[in-house]
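Report on the structure
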Amino acid sequence: MKNQDLVDYLKYCSVCQFCQLRYLKARGNEYQNKQEYFDRVNVDYEEEIDWTGDPANKKKRQNVCPTCLGLFSEEFKEQLLQSIENTDIDKYECDGIVVAISIPIVLQLRQLSMWYALLDKFGDNINLDRAPDVSLKEAIKLILNPTICERLNKSYDISNGLMLTINLSHSEEQEGVSQLEKLNSLVYPRKKGQKSEQISRSLIEKKYTPLRVSSELFKNAFVVPPSIPTESLKFDSVSLIGPSTYVAGRYRKLSRKLSHTPWVLNGERVMDDSIEEIIIRNIAHYFCDDQKKVNFMSSGREDVDVRCLGAGRPFVLEIPNAFRSSLSSALAREMEENIDVSQKVSVRDIQIVKREELIHIKMGEEQKRKCYRALCQIGNIVTVDILKRLDFQNGFEIQQKTPIRVLHRRPLHTRPRTVYSLKPSVCRQNKNLIILDIVTQAGTYIKELVHGEFGRTVPSVASLIGQHIDIIALDVVEIDLDWPPSVCTL
Amino acid sequence: MPTEPEDPLEPYYYNHVPEIIGGIDVPSITEEWVENYPSVVDRFFTRYYYIKESPEPAPYQVLFHSNRVCLICLAPEHPAIKDGIKSFTFDIGNTDRSKNTVKGKGKKGGMVLQHDSTLAILTSEQNKAYKIPSCVQSKLVEVNTAWVEAPKQLETAGEGEGYVAIVLPKPEDCENIKRSLLTQAQYKEKWTAIQMNAAQKLANESNVAKTEQKSAQTEQKSAPVEKQNE
């Protein structure tokens, strides 16, 4: 089969030049310089006249391409760029884009039809199992994506780009799909009890090749070669989804009446605010419109009545569909100042981080040491003997059952935990009070470690001193995780 | 010149290190101290009671956590505590409660308990056997096997520490369960009444016994007088 014969036949079928190139297996920038490629593969080149210009030429090139339904026409490109520019794309401050064009099924059926037509025409030269053309998906990448990038002056960035989702439709779609449903029930009859298969793009890709479906059957349902369509593709919608941005920081919790996340009991709020909400409402609006979609993650959490001091607890906000992916340090400081106004939470080191860094948050939750300070009370005056019994420079193991306070929603387990150190001091003004500095493995319940929870944590501070001891207040004083990095403020 | 004896606690006194966070001078943790700080039980649980009437009245305590988890305990007035506890077992004949296992958040596989299902059996030093009832229609989550090894320690265990089992009622059953149990005030009243009755009965019995004794004596002395008394 000569390339010239192929192109002549495609021309005879009124196929556009871009599609001709597809059938010539052009896979690079050939689409930008058609003539060169035609010359190279020994095909006569005849310049296509842009019919949008001179109305006199309209006759010459007026049909819509039967294989791409006008997807690659100049007119369509212009429409596409127009509708992208009509969106609020300017709102998004990002350098990269990703384009996802969803094409109607009828377009795929037309590729198939052409495949059968080429088989009829060129017989053995055409593979029965591998499509003779460069797929539309690939051609879109080669033809449309560079055009869009160039016009918008953005790079193509698959991992972190702004996603443009473009939905296309065609007037023949319904008819094509119902024909395919009929054909499908003939080619792949439904077995008893089997669900009817949904017609989808991937179904066509997987199950429809001339090898699997005979030419006769296909021709019963569809015209081969594909007819010249009366209409071209239409735009359904263009939607934009910004990349996810990750904002990290460390929070300090100064209030003993503030929950970590919204606390709702029987549909009613127990506390009007939470760390999560304070942080999100002061940061998220800068990056996105819908704060409800923002996800707050932190390296563990503390109880409502526990403060978190020192350098604070690392957290990350995952902000989907963000229109910003950068943050000036001045603005980060401004956010921190705004959070300080709450007087309940204070945040430092606000910064943008990469998705890959989120692993630190989880690690901090599960593996890192935590330092606490507990205010404890005993029934009598503290003695040196008691203090000595609570002085542990080296660690010890404890066995801790799931605390009763969370037992209704967590499984019952006995967990081994390491207490790395204990250091007691006593309050000068009230000698019933012991201030205990505790370093433990992540996941240790400190309140239960102190009072022993009726013997469910052993050993406990209570069992070490052989008498009742209760915990009045608890502070987290340090979380041993050097992430996110400290931000220097000048 | 005699010097003041050195304070042995001196090296241990707490020294608050000032810290400013978000423009706020963080108060020392010692400022959290309050007078009459309530106990763990007072902070998180409500006390309920159940009196098992037969074979002889014995009171049990249910510590109802605000999250509906319940600790089943002997009430402090339980007769076995005074009498002394000789043995304790979760083997109640047809089942061994200590073989209870629960899996997952839903506590799958936990034994299903009615309020009068026996949790454990304890025997007092007077060889009286008490079948400890579950008190609460629920699922068995955990049993406290410490008492099997050391039953004597149950006599001196503090409030809550002496829990026999931890059970979890269904959320929708909680209100009914609470209504069916005695509150602290109701229990006090009822238990006092029971004890008064018992004392009365005891007194009556001893009176009867005394009278009988007396009458026996009188009978011996002069039979006709006794007849008059009747």
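Residues numbered from 1 in each chain as written. Chains lettered and ligands numbered in written order. Predicted model: local features only at pLDDT ≥ 70, side-chain atom pairs only at ≥ 80, totals over all residues. Heavy atoms only, no water.

**A look at the UniProt feature "domain: Pus10-like C-terminal" (unreviewed entry) in chain A**
The sites that carry the UniProt feature "domain: Pus10-like C-terminal" (unreviewed entry) are, in the present numbering, residues 246–480 of chain A. End-to-end, the C-alpha atoms of residues 246–480 of chain A are 21 Å apart, and along that stretch the chain is 21% helix and 38% strand. (UniProt positions renumbered as here; feature names shortened; annotations may be inferred. Helix = DSSP H or I, 4+ residues; strand = E, 2+ residues; numbered from the N terminus.)

**Description of the packing of aromatic side chains**
Between two aromatic rings, the relevant description is the distance of the centres plus the angle of the planes. Using the criterion set out here, one finds 19 aromatic pairs over all chains in the structure. Their ring planes at 45 degrees and their centres at 6.2 Å tell us that Phe18 of chain A and Phe72 of chain A sit as a pair that is tilted. Taken together, the residues span a long stretch of sequence, with Phe18 of chain A in helix H2 (residues 17–23) and Phe72 of chain A in the loop between helix H3 (34–40) and helix H4 (74–85) at a distance of 54 residues. Accessibility expressed as a relative area gives 8% for Phe18 of chain A, which makes it buried. Exposure remark for Phe72 of chain A: the relative accessible area of 1% places this residue in the buried category. A ring pair is formed by Phe454 of chain A and Phe45 of chain B, whose centres lie 6.0 Å apart and whose planes are at 55 degrees; its orientation type is tilted. Of this pair, Phe454 of chain A sits in the loop between helix H15 (446–451) and strand E15 (457–458) while Phe45 of chain B sits in strand E3 (residues 45–52), on two different chains. The class for Phe454 of chain A is buried, based on a relative accessible area of 11%. (Phe/Tyr/Trp six-rings, centres within 6.5 Å; stacked < 30°, edge-to-face > 60°. Buried < 20%, exposed > 50% of the residue type's maximum accessible area, 1.4 Å probe, protein only.)

**Quick look at the pairing of strand E11 (residues 369–378) of chain A**
All names here are of chain A. Judged by how many residues are buried, E11 sits mostly within the fold: eight of ten residues are covered. Pairing geometry for E11 and strand E14 (residues 433–441), over nine bridges, is antiparallel. Counted as the bridge partner of Arg373 is Asp437 from E14. (Pairing = 2+ DSSP bridges.)

**Overview of the sheet that holds strand E3 (residues 162–169) of chain A**
Residue and element names in this part refer to chain A. Taken in spatial order, the four strands line up as E2-E1-E3-E4 in an open sheet, and their pairing is mixed. The open sheet terminates on both sides in strands that have one partner only, identified here as strand E2 (155–156) and strand E4 (234–241). Here strand E1 (residues 96–102) runs beside E2; their pairing, made up of two bridges, is parallel. Paired with Gly96 across the strands is Ser155, a residue of E2. Here helix H6 (residues 136–152) sits on the sheet in contact with E1, E2 and E3, set at roughly 135 degrees to E1. (Contact = heavy atoms within 4.5 Å. Axes fitted to C-alpha atoms, helices over the stretch in contact; angles between N-to-C directions.)

**Some points on helix H1 (residues 3–12) of chain A**
All names here are of chain A. All of the buried residues in H1 are Gln4, Leu6, Val7, Tyr9 and Leu10. On the buried face of H1, the contacting elements are H2, H3 and helix H5 (105–122). Immediately beyond the C-terminal end of H1, within one or two residues, lies Ser14, with a positive phi of roughly 65 degrees.

**Thoughts on the sheet that holds strand E9 (residues 129–133) of chain B**
All names here are of chain B. Strands sit in the order E6-E8-E9 across an open sheet of three strands; the sheet is antiparallel. Across the chains shown, the open sheet's two edge strands, defined by having one partner strand only, are strand E6 (85–89) and E9. Along the sheet, successive strands turn relative to each other by an average axial angle of 25 degrees, direction set aside. Both strand E8 (residues 118–124) and E9 contribute to a ladder of five bridges, which runs antiparallel. Counterpart to Thr118 in the pairing with E9 is Pro133.

**Focus: unusual backbone geometry**
All names here are of chain A. Residue Pro225 is bonded to the preceding Val224 through a cis peptide linkage, with omega at -10 degrees. Here Pro225 shows up in the loop between helix H9 (215–221) and E4. For the bond from Val458 to Pro459, the omega torsion is -15 degrees, close enough to zero to count as cis. Its place among the elements puts Pro459 in the loop between E15 and helix H16 (461–465). Despite not being glycine, Glu453 shows a phi value in the positive range, around 45 degrees.

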